[in-house]
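# Structural description and commentary
Residue-level listing of the chains:
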Amino acid sequence: NYFSKISKIKYKNKIWEITLDDKRKIEFKALIITCPYPQLKQIAKKYIDQKLLNLNIKMEPVITLMLAVKSEKIIPISSIKFNDSVISFAINENSKKRFNSKLNLWTLHSSIQWAKKNINIYKNNTKTINELKYKFMSLTKFKNRQIAYSRIHGWKFSYNLTRSLIKSSWNKKINLGVCGDWFIGPKAEDAWCSALDLSKRIKKNPLKSIKRV
């Protein structure tokens with residue numbers, strides 16, 4: 001089980017050594033980093049290309065709230081865009097038809113400005129949960145008694161609202177790849193496009209082996 005925060009990376013003798021918070025060390029012949037830009041610069045500044053360091057990337061936060069609402073009414077929309085200071089938009093998860101549920105399932109996305117005020121205090125804070133929940137109810141007319149479940153989550157480095165001319169990075173000399181949505185824009189599809197671009201770079205300059213040693 002290697003689920004632990006990475007505290008340090010080091011490249012030496014053609015091997016990447018990854019040090020985890022629990023002091024374990026793991027070695028690899030190649031390393032691909034997908035973390036947000038501020039964390040990339042923090043952990044890999046010594047190894048990434050100067051072009052990446054010079055990018056004007058500004059990551060914005062977001063807080064989301066998952067809600068399950070007791071209502072069997074089919075709502076014929078996929079999402080709602082709000083002109084509101086607290087909630088930016090809400091996604092109707094039932095519209096994706098991935099779930100067999102009698103509940104109305106929603107994912108609420110906060111506004112960027114509201115997230116900036118609350119991103120460092122939202123964990124275990126019922127005030128932030130309630131503010132999002134009650135704001136959604138006031139905008140949609142759902143009742144508190146209808147809420148069956150709620151769970152909150154935040155991303156401190158979620159959105160990059162600008163685009164760079166670089167889609168990914170691959171350094172064949174040290175077998176280091178970098179990709180992520182922040183190269184291209186704020187959407188999930190941008191992460192896929194960046195990863196695809198990185199895969200093309202690697203195919204042009206392939207490794208002889210990419211197995212752990």
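Details of the structure are given in the entry above.
Residues numbered from 1 in each chain as written. Predicted model: local features only at pLDDT ≥ 70, side-chain atom pairs only at ≥ 80, totals over all residues. Heavy atoms only, no water.

### Regarding the side chain of Asn-160
Note the following rule: Helix and strand definitions here come from DSSP, where helices need a minimum of 4 consecutive H or I residues and strands a minimum of 2 consecutive E residues; each element is numbered from the N-terminal end. Whenever two N or O atoms come within 3.5 Å, that pair is a polar contact, provided that in protein one can donate a hydrogen and the other can accept it, and provided that, for residues adjacent in sequence, both atoms are side-chain atoms. For this analysis, residues touch if any pair of their heavy atoms sits within 4.5 Å.
Mapped onto the secondary structure, Asn-160 falls in strand E9 (residues 147-160). Polar contacts involving the side chain of Asn-160 include one to the side chain of Thr-162, which spans 2.9 Å. At 2.5 Å, the side chain of Asn-160 forms a polar contact with the backbone oxygen of Trp-182. Apart from residues no more than four positions distant in its own chain, Asn-160 is found in contact with Ile-57, Lys-58, Met-59, Trp-182, Gly-185 and Pro-186.

### Some remarks on the environment of Lys-25
Its location among the elements puts Lys-25 in strand E3 (residues 25-28). Among all residues touching Lys-25, those that are not within four sequence positions of it are Glu-17, Ile-18 and Thr-19. A polar atom in the side chain of Lys-25 sits 3.2 Å from the side chain of Thr-19.

### Examining helix H5 (residues 188-204)
Keep this limit in mind: Expected helix span is taken as 1.5 Å per residue step, with the number of steps being one fewer than the number of residues. Here the term buried applies to any residue with accessible area under 20% of the maximum for its type, exposed to any over 50%, and partly exposed to those in between, with areas from a 1.4 Å probe on protein chains only. Taken from the helix axis, the directions to the C-beta atoms give the arc we talk about.
Taking 1.5 Å of rise per residue, 17 residues should cover 24 Å, and H5 covers 25 Å from first to last C-alpha, within 8% of that figure. Residues Asp-190, Ser-194, Asp-197, Leu-198 and Ile-202 constitute the buried set of H5. The buried residues of H5 occupy an angular sector of 140 degrees when projected down its axis, which confines them to one face. Along H5, the residues that are exposed and aim more than 90 degrees away from the buried face are Ala-188, Glu-189, Trp-192 and Lys-203. Its buried side turned inward, H5 meets strand E4 (31-33), strand E10 (169-171) and strand E11 (176-178).

### Details of the packing of aromatic side chains
Under the convention used in this document: Ring pairs are drawn from Phe, Tyr and Trp, using the six-membered ring of Trp, whenever the two centres fall within 6.5 Å, and their geometry is named by plane angle: stacked under 30 degrees, edge-to-face over 60, tilted for the rest. For a lysine, the NZ atom is tested; for an arginine, the CZ atom; a charge sits over a ring if that atom is within 6 Å of the ring centre and within 35 degrees of the ring normal.
Per the counting criterion, the structure on display carries seven aromatic pairs. Between Phe-136 and Phe-142, the ring centres sit 5.9 Å apart and the planes meet at 35 degrees, which makes this aromatic pair tilted. Like Phe-142, Phe-136 is buried. Sitting over the ring of Tyr-134, Lys-133 keeps its end group 5.4 Å from the ring centre.

### Some words on the sheet that holds E4
The pairing of strands in a sheet comes from backbone hydrogen bonds and takes either a parallel or an antiparallel form. Heads up, the condition is: Any two strands are treated as partners once DSSP identifies two or more bridges connecting them. Lines fitted to C-alpha atoms define the axes, with helix axes restricted to the stretch in contact, and inter-axis angles between N-to-C directions lie between 0 and 180 degrees.
If you trace the three strands from one edge of the open sheet to the other, you get E4-E11-E10, paired in mixed fashion. Either end of the sheet is taken by a strand with one partner, and the two such strands are E4 and E10. Strand-to-strand twist of the sheet, defined as the mean angle between neighbouring strand axes without regard to direction, takes the value 10 degrees. Along the sheet, H5 makes contact with E4, E10 and E11, crossing E10 at roughly 25 degrees.

### Describing the sheet that holds strand E5 (residues 59-69)
If you trace the five strands from one edge of the open sheet to the other, you get E6-E7-E8-E5-E9, paired in antiparallel fashion. Each of the sheet's edge strands pairs with one partner strand only, and the pair in question is strand E6 (79-81) and E9. The average angle at which neighbouring strand axes cross in this sheet is 20 degrees, direction not considered. Judged from the five bridges that link them, strand E7 (residues 87-92) and strand E8 (residues 104-110) form a sheet pairing that is antiparallel.

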